[in-house]
Amino acid sequence: IIYGVDVGFGGDATVICKRQGNKVLEFSRYNSKDDIPFFIMKHMEEDNAAVAVIDVVGVGANVMSEIRRAGYNVKPYMSQSASTNPERFKNKRSEAFFTLRQMFQDRAISIPDDQRLIEQLAYIKCNPQDKNKIQDKRSIRQGLGYSPDEADAMSMAFSVDSTMYKKGINSAYS
C-alpha cells in the first residue's frame, strides 16, 4: 500500500490517499492540526504501508521529518519541483495530474465512488500551451469553494511507481 499525503494547514484537512496498485482504496481525513504525524503513522502501521509520499511544502516538511525519524519509509513531494520530463511538463504537479488523466483515459485506474473527489478531478484544468501546467491551488479553491485535498493526495500517491515499493525493501530516501 502506498500513501499520498496532503498535509493540511490554514483550515485544510490532512488527507491520506491509500493506493494499492492502480486502485484507490480509500481516503482518510484528519481535521485537527494536532498530532498529524501520529495520525499518519497510525494508519501506516494499520495498513502495513510501504511508503508515504508527503507534500513537504509548508508544515509538511516537519511532519515528514518526524515520521522519518520514527523509522517509517517516506518520500518527499514538492509540487513545484522539476518534472522528470521538463520539455513536456511545467513541474512535478503537472506531470502527476497528467499521469492520472492518462490512466483515466486508458481505464487503468479504479477510484471509490466519492463525489467530492470526482468534483475535484473534474474541476482541475491544465494549460497545454504552458507545458501542461495545472491551475494553481488558489484558483481551484476559489472555484470549488474548498481545497482539492483528495485530488492532491491522490496525485501524490500515483507519483511513484508502485513496483518500486514493497514493505521493508526501500529506504526512506528512495
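So, how was this worked out
For every chain, the first residue of its written sequence is number 1, and the numbers climb from 1 along that sequence. Since the coordinates come from a predicted model, pLDDT governs what is reported: local features require at least 70, and pairs of side-chain atoms require 80 or more to be given and counted, while whole-chain, interface and lining totals use all residues. To obtain the side-chain values, all non-hydrogen atoms of the structure were included, while hydrogens and water were left out. Type-normalised accessible area, obtained with a 1.4 Å probe on protein chains alone, sets the label of each residue: buried when under 20%, exposed when over 50%, and partly exposed for intermediate values. Each helix corresponds to a stretch of at least 4 residues labelled H or I by DSSP, and each strand to a stretch of at least 2 residues labelled E; elements are numbered beginning at the N terminus. Any two strands between which DSSP finds at least two bridges are classified as paired. In what follows, a contact means two residues having at least one pair of non-hydrogen atoms within 4.5 Å. When a carboxyl oxygen of Asp or Glu lies within 4 Å of a side-chain nitrogen of Lys or Arg, that pair is called a salt bridge.

**Q** Teacher, can you tell me more about the pairing of strand E1 (residues 2-6) here?
**A** It is a general feature of regular strands that their side chains alternate between the two faces of the sheet. Counting buried positions over the five residues of E1 gives five, a clear majority of the element. Every second residue of E1 is oriented toward a common face, with Ile 2, Gly 4 and Asp 6 on one face and Tyr 3 and Val 5 on the other, all of them buried. Direction of pairing for E1 relative to strand E2 (residues 14-20): antiparallel, over a ladder of five bridges. Among the inter-strand pairings, Tyr 3 is bridged to a residue of E2, identified as Lys 18.

**Q** Just checking my understanding: could you explain the environment of Ile 36 for this structure?
**A** With respect to the secondary-structure elements, Ile 36 resides in helix H1 (residues 36-47). Considering only alpha carbons, one finds Ile 36 and Ile 140, 104 residues apart in sequence, at a separation of 24 Å. Among all residues touching Ile 36, those that are not within four sequence positions of it are Val 7, Gly 8, Thr 14, Tyr 30 and Val 63.

**Q** Explanation requested: the pattern of salt bridges in the structure shown.
**A** If the charged atoms of two oppositely charged side chains come close together, the side chains can form a pair. Applying the stated criterion to the full structure yields 10 salt bridges. With its nearest N and O atoms 2.9 Å apart, the salt bridge here joins Asp 152 to Lys 137. You can see Asp 152 sitting in helix H6 (residues 149-157) and its partner Lys 137 sitting in helix H5 (residues 137-144), a full 15 residues away along the chain. According to the relative accessible area criterion, Asp 152 is buried, its value standing at 4%. For Lys 137, a relative accessible area of 24% puts it in the partly exposed group. Overlapping salt bridges, with partners in common, bring together Asp 6, Arg 93, Lys 137 and Asp 152 in one network.

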